Each structure stands twice: as C-alpha cells, then as structure tokens.
Amino acid sequence: MTRPGTFDARLNRLWGAVCACAGIFFLVWGLSWVKASVLNEDLHNRCGDLHTASFPFEKSCRHEDGTVEGANSALFDGVFFGSMAAGAVGLVAALTIEAGRKK
C-alpha cells in the first residue's frame, strides 16, 4: 500500500503535466498568430489564392506552380493538437482522481 504523501506527489506531477501541456499549447498558438499576423502580413498583396485559418492561426498562399507559402508545417500542427489533446486527457484524469478522493 502506498503512503498518502506518495499519492499526493503523483497527483501533483499529473497537475504539472497538465500545466506543461497547456503552456506548450498556448506558446504554439501564440507563435502561429505571430507567423500569420506579423510575418505573413503582406501575403495577401502578392497572392491570388489566399487561405486563412483561425485555429491555429494560418495565412498561406498556393502558387500556380503548386508550391505553398506561409502554411504551418505538419510537425507544428502535430505539436499544437497533440498538446491540446494531452492536456485535455490529463485534466480529465486529474479531475476524476480529485473527485474520487473527495467522496
């Protein structure tokens, strides 16, 4: 049987993981806003086929030769949605454990 202090330490680590995932999520979301709103601000002036998205922020242009300029990479989107999903799963787990302890 584990001591109560060990259980609290594990729960605190779970809350820390939830906070870390939320921090990564908001950091990547902020970086996508900077990329779309600051770095690719003038993309609409030189692009005929402009694509914009708001979750995560993206402003991209598809050129006639098939190249895409300004789009978020698959790794960037993977980190964004992965941290969101991991944070949500961790939050549900932590809240479920907290609710079970209070009964």
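Predicted model, so just to flag it, every value in this text is computed and none were measured.

**Q** Break down the overall build of the protein chain for me, with residues and values.
**A** Along the protein chain, the regular secondary structure elements total two helices and three strands. Reading the helices (α) and strands (β) of the protein chain from amino to carboxyl end gives α-β-β-β-α. Counting every position in the protein chain, which comprises 103 residues, the buried fraction comes to 21%. Within the protein chain, contacts between residues separated by at least 24 positions form 55% of all contacts whose residues are at least 6 apart in sequence. Within the structure as shown, the protein chain displays about 7000 Å² of accessible surface, and the carbon and sulfur contribution to it stands at 65%. Separation between the mean location of the 10 positive side-chain charges and that of the 10 negative ones in the protein chain comes to 21 Å.

**Q** Please provide a residue-by-residue account of the state of the cysteines, values included.
**A** All chains considered together, the criterion is met by one disulfide. Cysteine Cys 19 shares no disulfide, and the gap to the nearest cysteine sulfur, in Cys 21, comes to 9.5 Å.

**Q** Let's hear about the sheet that holds strand E2 (residues 57–62): which residues, and what values?
**A** Across the sheet, three strands lie side by side as E1-E2-E3; this open sheet has antiparallel pairing. If you trace the sheet from one side to the other, it starts and ends with strand E1 (50–54) and strand E3 (68–69), each paired once. Relative to E2, E1 runs antiparallel, the two sharing five bridges. Its bridge partner being in E2, Leu 50 is matched across the sheet by Cys 61.

**Q** Could you give an account of the packing of aromatic side chains, naming the residues involved and the relevant values?
**A** Summed over the entire model, instances satisfying the criterion amount to 10 aromatic pairs. Where Trp 29 meets Phe 57, the ring centres are 6.0 Å apart and the plane angle is 20°; that geometry is what we call stacked. Of the two residues, Trp 29 sits in helix H1 (residues 4–39) while Phe 57 sits in strand E2, which places them 28 residues apart along the sequence. Exposure remark for Trp 29: the relative accessible area of 26% places this residue in the partly exposed category. For Phe 57, a relative accessible area of 25% gives the class partly exposed. On the numbers, 5.0 Å between centres and 80° between planes, the contact of Phe 80 with Phe 81 is edge-to-face. According to the relative accessible area criterion, Phe 81 is partly exposed, its value standing at 34%. Aromatic ring contacts, followed pair by pair, group Phe 25, Phe 26, Trp 29, Phe 55, Phe 57, Phe 80 and Phe 81 into a single cluster.

Definitions and cut-offs
Residues numbered from 1 in each chain as written. Predicted model: local features only at pLDDT ≥ 70, side-chain atom pairs only at ≥ 80, totals over all residues. Heavy atoms only, no water. Helix = DSSP H or I, 4+ residues; strand = E, 2+ residues; numbered from the N terminus. Buried < 20%, exposed > 50% of the residue type's maximum accessible area, 1.4 Å probe, protein only. Contact = heavy atoms within 4.5 Å. Areas by Shrake-Rupley, 256 points an atom, 1.4 Å probe, with all protein chains shown as cover. Lys, Arg positive; Asp, Glu negative; His and termini not counted. Charge placed at Lys NZ, Arg CZ, Asp CG, Glu CD. Disulfide = S-S within 2.5 Å. Pairing = 2+ DSSP bridges. Phe/Tyr/Trp six-rings, centres within 6.5 Å; stacked < 30°, edge-to-face > 60°.

None of the figures reported here should be taken as evidence of function without further support.
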